[in-house]
Amino acid sequence: MAKAMKVYNNGDADVMKWEVVDVGSPAANEILIRHSAVGLNFIDVYFRKGVYPPPFFPFTPGLEGAGTVEQVGAEVSEVSVGDRVAYASPPLGAYAEKRIIAADRVIRIPDEIDDTTAAAMMLQGLTVQYLLRQTFRVKAGDTILFHAAAGGVGLIACQWAKHLGATVIGTVGNEQKAEIARRHGCDHPILYNQEDFVERVRDITNGKGVPVVYDSVGATTFDKSLDCLQPKGYMVSFGQSSGGVESFNPVVLSVKGSLYLTRPTLMTYTADPADLVEMADELCSMVVSGAIKIPVKQRYALSDAVQAHKDLESRKTHGSTVFEV
Ligand SMILES: NC(=O)c1ccc[n+]([C@@H]2O[C@H](COP(=O)([O-])OP(=O)(O)OC[C@H]3O[C@@H](n4cnc5c(N)ncnc54)[C@H](OP(=O)(O)O)[C@@H]3O)[C@@H](O)[C@H]2O)c1
């Protein structure tokens, strides 16, 4: 037996209930993990609210965690009992003291990285890996625009882009977040609630625009993000924290300069376990070398997930948030 958050119907944060659950035993290719830390991500809000439909009810939210392997199935060769492991992967179920997951969805945590850091970095850090290193490969000399630059994904992206030699323009919700983003490598924080970010990007780039916009804010930024791009630039729409983008006519891409549009997800990029391992190796080496410091800025007990969701949704958080289990 263990405790876990359960959601019986979509709704606001209060629909999450902390309950005793039966964890069961791992099947042949599965492992049972005792969590020591669980990551909070904006996608948890989408599933709780029903923006992304959960596969079944009741469900336990969460896609990211770290802990120790307590049991392994008969055919598991990847990890052993006692190993410290971390993951960022479906199925839902991370908001739990213990969970079962397929063995090929986890990585072994390097000795230099503690469990809290691992739980904070897997989903957001792997996302930054594919965004900056695969979807559009950022190189030295590029100037990029990254929205919500002081968020969990944002602060990791600022550091990684800076490490690659890019100039980072980042949008943020207030002055305090601007200062935090600056400290993590954002050269030009823009207060997008107060300033016209298209004008600012044009000023900063001498009218040229940027080769890539990473936009996870969605409804309130999507159209204007396209106006920040150079001809043949990349619009990477990877989230919708302000709401979904309504219907979109692809002709706009031609009118605004033969632009590219993609709507990527981490799940596609890590679907092949070999890719997952390669991406995680690069992320871990960035963290172990000190090039990226994982910004764990909020910690909650897992039983306080309701409050954590309220804080994330009301834009009170910055950097990464971890549940201590
Ligand atoms: N596609 C993928 O593979 C993938 C993977 C990971 C994350 N994501 C997406 O990346 C985004 C960031 O994720 P995260 O977990 O790191 O969250 P986060 O950035 O820490 O939090 C979301 C931030 O979005 C900004 N925001 C703007 N308008 C908002 C609104 N109306 N309501 C709430 N927030 C608003 C806020 O920053 P300001 O106050 O500074 O505006 C807020 O702090 C999310 O959209 C998430 O879905 C996508």
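Bear in mind that the values here come from a model prediction, so they are computed numbers and not experimental data. (Residues numbered from 1 in each chain as written. Predicted model: local features only at pLDDT ≥ 70, side-chain atom pairs only at ≥ 80, totals over all residues. Heavy atoms only, no water.)

1. A short note on the site of the ligand
In step 1: Around the ligand, a shell composed of 29 residues is seen, among which Y130, K177, Y192, L266 and R315 lie nearest.
In step 2: Within the side chain of Y130, one N or O atom sits 2.7 Å away from an oxygen atom of the ligand.
In step 3: G152 is positioned such that a nitrogen or oxygen atom in its backbone is 2.9 Å from an oxygen atom of the ligand.
In step 4: Relative to its unbound accessible area of 900 Å², the ligand is 91% covered by the protein chains.
In step 5: Residue contributions to the shell around the ligand peak at four residues, all from helix α2 (residues 115-135).
In step 6: The residue inventory of the shell around the ligand, partitioned by class, reads 13 nonpolar, 12 polar and four charged.
In step 7: A domain-level breakdown of the shell around the ligand finds at least three residues from each of domain 1 (2-122 + 295-324) and domain 2 (140-263). (Near = heavy atom within 4 Å. Polar contact = N/O pair within 3.5 Å; in protein donor to acceptor, adjacent residues only side chain to side chain. Areas by Shrake-Rupley, 256 points an atom, 1.4 Å probe, with all protein chains shown as cover. Helix = DSSP H or I, 4+ residues; strand = E, 2+ residues; numbered from the N terminus. Nonpolar A, V, L, I, M, F, W, Y, C, P; charged D, E, K, R; others polar. Domains from an automatic or database assignment.)

2. Some thoughts on the domain arrangement of the protein
In step 1: Assigned domains within the protein: domain 1 (2-122 + 295-324) and domain 2 (140-263).
In step 2: With centres defined by C-alpha atoms, the gap from domain 1 to domain 2 works out at 29 Å.
In step 3: Across the boundary between the two partners, domain 1 contributes 11 residues, which contact 17 residues of domain 2.
In step 4: Ranking the residues of domain 1 by area buried against domain 2 places P295, R315 and H318 at the top, with a combined share of 45%.
In step 5: If you look at where domain 1 meets domain 2, you find zero salt bridges. (Contact = heavy atoms within 4.5 Å. Buried area = accessible area lost by both parts, 1.4 Å probe. Salt bridge = Lys/Arg side-chain N within 4 Å of Asp/Glu carboxyl O.)

3. With respect to helix α3 (residues 152-163)
Since the α-helix turns once every 3.6 residues, residues separated by three or four places project in the same direction.
In step 1: With 12 residues, α3 should cover 16 Å at 1.5 Å per step; its first-to-last C-alpha distance of 17 Å lies within 8% of that length.
In step 2: Of all 12 residues making up α3, 10 are buried, and the element is well covered by its neighbours.
In step 3: Within the span of α3, buried status applies to G152, V153, G154, L155, I156, A157, C158, Q159, W160 and A161.
In step 4: G165 lies just past α3 and shows a positive phi near 95 degrees. (Expected span 1.5 Å × (residues − 1). Buried < 20%, exposed > 50% of the residue type's maximum accessible area, 1.4 Å probe, protein only.)

4. A look at a negative patch on the surface
In step 1: A cluster of like negative charges, contributed by D272, D275, E278 and D281, occupies part of the molecular surface.
In step 2: Considering the arrangement of structural elements, one finds D272 in the loop between α8 (266-269) and α9 (273-288). (Patch = residues over 30% accessible without salt bridge, like charges linked within 9 Å, V, L, I, M, F, W, Y side chains within 5 Å. Lys, Arg positive; Asp, Glu negative; His and termini not counted. Charge placed at Lys NZ, Arg CZ, Asp CG, Glu CD.)

5. A short note on the sheet that holds strand β12 (residues 229-237)
In step 1: Strands sit in the order β10-β9-β8-β11-β12-β13 across an open sheet of six strands; the sheet is parallel. Looking at which strands have only one partner, the edges of the open sheet turn out to be β10 (188-191) and β13 (260-262). Each strand of the sheet is rotated relative to its neighbour by a mean of 15 degrees, with strand direction disregarded.
In step 2: Across four bridges, strand β8 (residues 143-146) lies against strand β9 (residues 167-172) in parallel orientation. Its bridge partner being in β9, F146 is matched across the sheet by G170.
In step 3: In the packing of helix α4 (residues 175-183) onto the sheet, contacts are made with β9 and β10, and the angle to β10 comes to roughly 165 degrees. (Pairing = 2+ DSSP bridges. Axes fitted to C-alpha atoms, helices over the stretch in contact; angles between N-to-C directions.)

6. Observations regarding the side chain of H184
In step 1: If you trace the backbone, H184 turns up in the loop between α4 and β10.
In step 2: Classification of H184 by relative accessible area gives buried; the value is 13%.
In step 3: The contacts of H184, once residues within four sequence positions are left out, are L155, C158, Q159, P295 and K297.

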